[in-house]
Amino acid sequence: MELTARAFWLRSPGHGEIRDVSLPAPTDDDVVVRTLYSGVSRGTETLVFRGGVPENQHTTMRAPFQEGDFPGPVKYGYLSVGLVEAGPRELVGRTVFCLYPHQTRYVVPASAVTPVPDGVPAARAVLAGTVETAVNALWDAAPLVGDRIAVVGAGMIGASVAAVLARFPAVRVQLVDADPGRATVAKALGVDFALPEEAKGDCDLVVHASATEAGLTRSLELLAPEGTVLELSWYGDRRVSLPLGEAFHSRRLVVRSSQVGTVSPARGSRRTFADRLAIALDLLADPVFDTFVTGECAFDELPEVLPRLASGDLPAMCLRVLYESAADPA
């Protein structure tokens, strides 16, 4: 019997659609996964949706199970949680996370899925890719006990970094955002909140995740001498300018990038992608991460919802996609 499914495709920048798809016949080394939930990574996926991936980054930006090419048609996404319907005996019936696009059912190698720990609800596990980014960022930053740290930008990535940092001993963590409504997120995480103009300076480390030129400039201003800005924002095809004159050199400031596509070199000799994802899923046992899911939609609604998310009309931190009502074609 032919396996079928339904998938969300970006037909062209700004225009999405649901397509019927045929699945490959699984081999003995594959799993068949029925999707329960997926998550929209707002920053990256809305940039893809509007066609903002620079041509010279088309290869670098490919998702693990992407089909098609930028700017479209393309099937893109990487936050999927589902139930294994067929495959190796130890995985059948397990809830798993996979870096797969928005699709009702899929066939992938068994090595591409990670079992979700029993203490982590499937609906929360869609955040695994985001928390994995935070884990890698902090491997890159290597904060020390007692550091004074600001996280600028309280979206999914910034809030995830703040949530992990809140567990570090004796650190001063402040979440900084231009939206005063994000104070409720900081309170839930157990960290301080400030508007950009009110943020505390003299920071040893500033993690920047606002994807704005103003946010990156303010991050530099918050540093103590010889402090570091860890840049997590990805600007796509936008150029940004920075005040690298003034006191940048005399204060010996550092701007460093972090990228989730590779394991931090500081950990790369001992850690793998699987290690990083397993740590992220273990961290998601904490219900505080439910704070990040601020919107939901049905799978069938994605073509109407993604334009609203990309335009800012729908201001969700993480949009969770529900699959219960998405029936596969006969």
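The rules we used
Numbering of residues begins from 1 in every chain and follows the order in which that chain's sequence is written. This being a predicted model, a pLDDT of at least 70 is required before a residue's local features are given, and a value of 80 or more before pairs of side-chain atoms are given or counted; all residues contribute to the totals for chains, interfaces and linings. Note that water and hydrogens are dropped before the side-chain values are worked out from all heavy atoms of the structure. Each residue carries a pLDDT score, the predictor's confidence in it, ranging from 0 to 100. Contact between two residues is taken to exist if any of their heavy atoms lie within 4.5 Å; hydrogens are not considered. We define a nonpolar core as any set of buried Ala, Val, Leu, Ile, Met, Phe, Trp, Tyr and Cys residues linked to one another through side-chain atoms lying within 4.5 Å. The cut-offs for exposure are 20% and 50% of the maximum accessible area for each residue type, with area from a 1.4 Å probe on protein chains only; residues under the lower value are buried, those over the upper are exposed, and the others partly exposed. A run of H or I in DSSP counts as a helix once it spans at least four residues, and a run of E counts as a strand once it spans at least two, with each numbered from the N terminus. Working note: the arc is built from the helix axis to C-beta atom directions. Criterion for a salt bridge: a side-chain nitrogen of Lys or Arg within 4 Å of a carboxyl oxygen of Asp or Glu. The pairing criterion is simple: DSSP has to find at least two bridges between the two strands. Angles here are taken between N-to-C directions and fall from 0 to 180 degrees, while the axes themselves are lines fitted to C-alpha atoms, restricted in helices to the stretch in contact.

Asker: I'm lost on the confidence of the model for the chain in this one. Help?
Answerer: Regions with low pLDDT should not have their predicted coordinates read in detail. With 96% of its residues at a pLDDT of 70 or more, the chain shows a mean pLDDT of 92. Here residues 325-330 is a poorly scored stretch, pLDDT under 50, and it has 16 contacts once near neighbours within four places are set aside; other chains count.

Asker: In this structure, what is going on with the nonpolar core? I would like to understand it.
Answerer: In globular proteins that are soluble, nonpolar side chains generally tend to be buried together. Ranked by size, the top nonpolar core spans 73 residues in total, and within it Leu 127, Leu 189, Phe 289 and Phe 292 carry the most contacts. Dropping the residues within four chain positions of it, Leu 189 is found in contact with Ala 159, Ala 162, Ala 163, Ala 166, Val 288 and Phe 292. Grouped together as the second largest cluster of nonpolar side chains are 15 residues, Val 152, Leu 216, Leu 220 and Phe 248 included.

Asker: Help me out: how do you make sense of the side chain of His 208 in this one?
Answerer: With respect to the helices and strands, the residue His 208 is situated in strand S13 (residues 203-208). Apart from residues no more than four positions distant in its own chain, His 208 is found in contact with Val 152, Gly 215, Leu 216, Ser 219, Val 229, Leu 230, Glu 231, Leu 232, Ser 233 and Tyr 235.

Asker: I'm lost on helix H9 (residues 302-311) in this one. Help?
Answerer: Every α-helix carries 3.6 residues per turn, so stepping three or four residues along brings you back to the same face. If you check which residues of H9 are buried, you get Leu 302, Pro 303, Val 305, Leu 306 and Leu 309. The buried residues of H9 occupy an angular sector of 160 degrees when projected down its axis, which confines them to one face. Of the residues in H9, the exposed ones pointing more than 90 degrees away from the buried face are Glu 304 and Ser 311. Packed against the buried residues of H9 are strand S1 (4-12), strand S2 (15-22), strand S3 (30-40), helix H1 (42-49), strand S16 (293-298) and strand S17 (318-322). Where H9 terminates, the next one or two residues include Gly 312, which has phi positive at roughly 90 degrees.

Asker: Can you help me understand unusual backbone geometry in this one?
Answerer: What is expected of a backbone is that most residues other than glycine have negative phi and most peptide bonds are trans. Cis rather than trans, the peptide bond between Phe 70 and Pro 71 has omega equal to 0 degrees. In this fold, Pro 71 is placed in the loop between strand S4 (67-68) and strand S5 (74-75). Gly 72 connects to Pro 73 through a cis peptide bond whose omega is 0 degrees. Relative to the helices and strands, Pro 73 is located in the loop between S4 and S5. In the Ramachandran plot, Ala 142 falls in the positive-phi region, its phi being about 50 degrees despite a non-glycine side chain. Secondary-structure assignment places Ala 142 in the loop between helix H3 (128-141) and strand S10 (148-152). Judged by its relative accessible area of 45%, Ala 142 is partly exposed. One non-glycine residue with positive phi stands out, namely Glu 246, at about 45 degrees. Relative to the assigned elements, Glu 246 resides in the loop between strand S14 (223-231) and strand S15 (254-257). A relative accessible area of 77% means that Glu 246 is categorised as exposed.

Asker: For this particular structure, what's the right way to read the pattern of salt bridges?
Answerer: Pairing between side chains becomes possible if they bear opposite charge and their charged atoms approach one another. Scanning the entire structure with this criterion turns up 18 salt bridges. Residues Asp 20 and Arg 6 are paired through a salt bridge, measuring 4.0 Å at the closest nitrogen-oxygen approach. Remark: Arg 6 occurs in strand S1 and Asp 20 occurs in strand S2; sequence separation between them is 14 residues. Residue Asp 20 is classed as exposed on the basis of its relative accessible area, which comes to 56%. A salt bridge links Asp 204 to Arg 148; the nearest nitrogen and oxygen atoms lie 2.9 Å apart. Of this pair, Asp 204 sits in strand S13 while Arg 148 sits in strand S10; the two residues are 56 residues apart in sequence, bridging distant segments of the chain.

Asker: Honestly, the sheet that holds strand S11 (residues 172-176) in this entry has me stumped. Any pointers?
Answerer: Paired through their backbone hydrogen bonds, the strands of a sheet run either parallel or antiparallel. Strand order in the open sheet formed by 6 strands is S12-S11-S10-S13-S14-S15, with parallel pairing between adjacent strands. One side of each edge strand has no neighbouring strand; the edge strands of this open sheet are strand S12 (192-194) and S15. Neighbouring strand axes in the sheet, compared pairwise and without regard to direction, differ in orientation by 25 degrees on average. Looking at chain direction, S13 and S14 are connected through 5 bridges and run parallel. Counted as the bridge partner of Val 207 is Leu 230 from S14. Each of S13, S14 and S15 touches H3; the most contacted strand, S14, lies at about 145 degrees to it.

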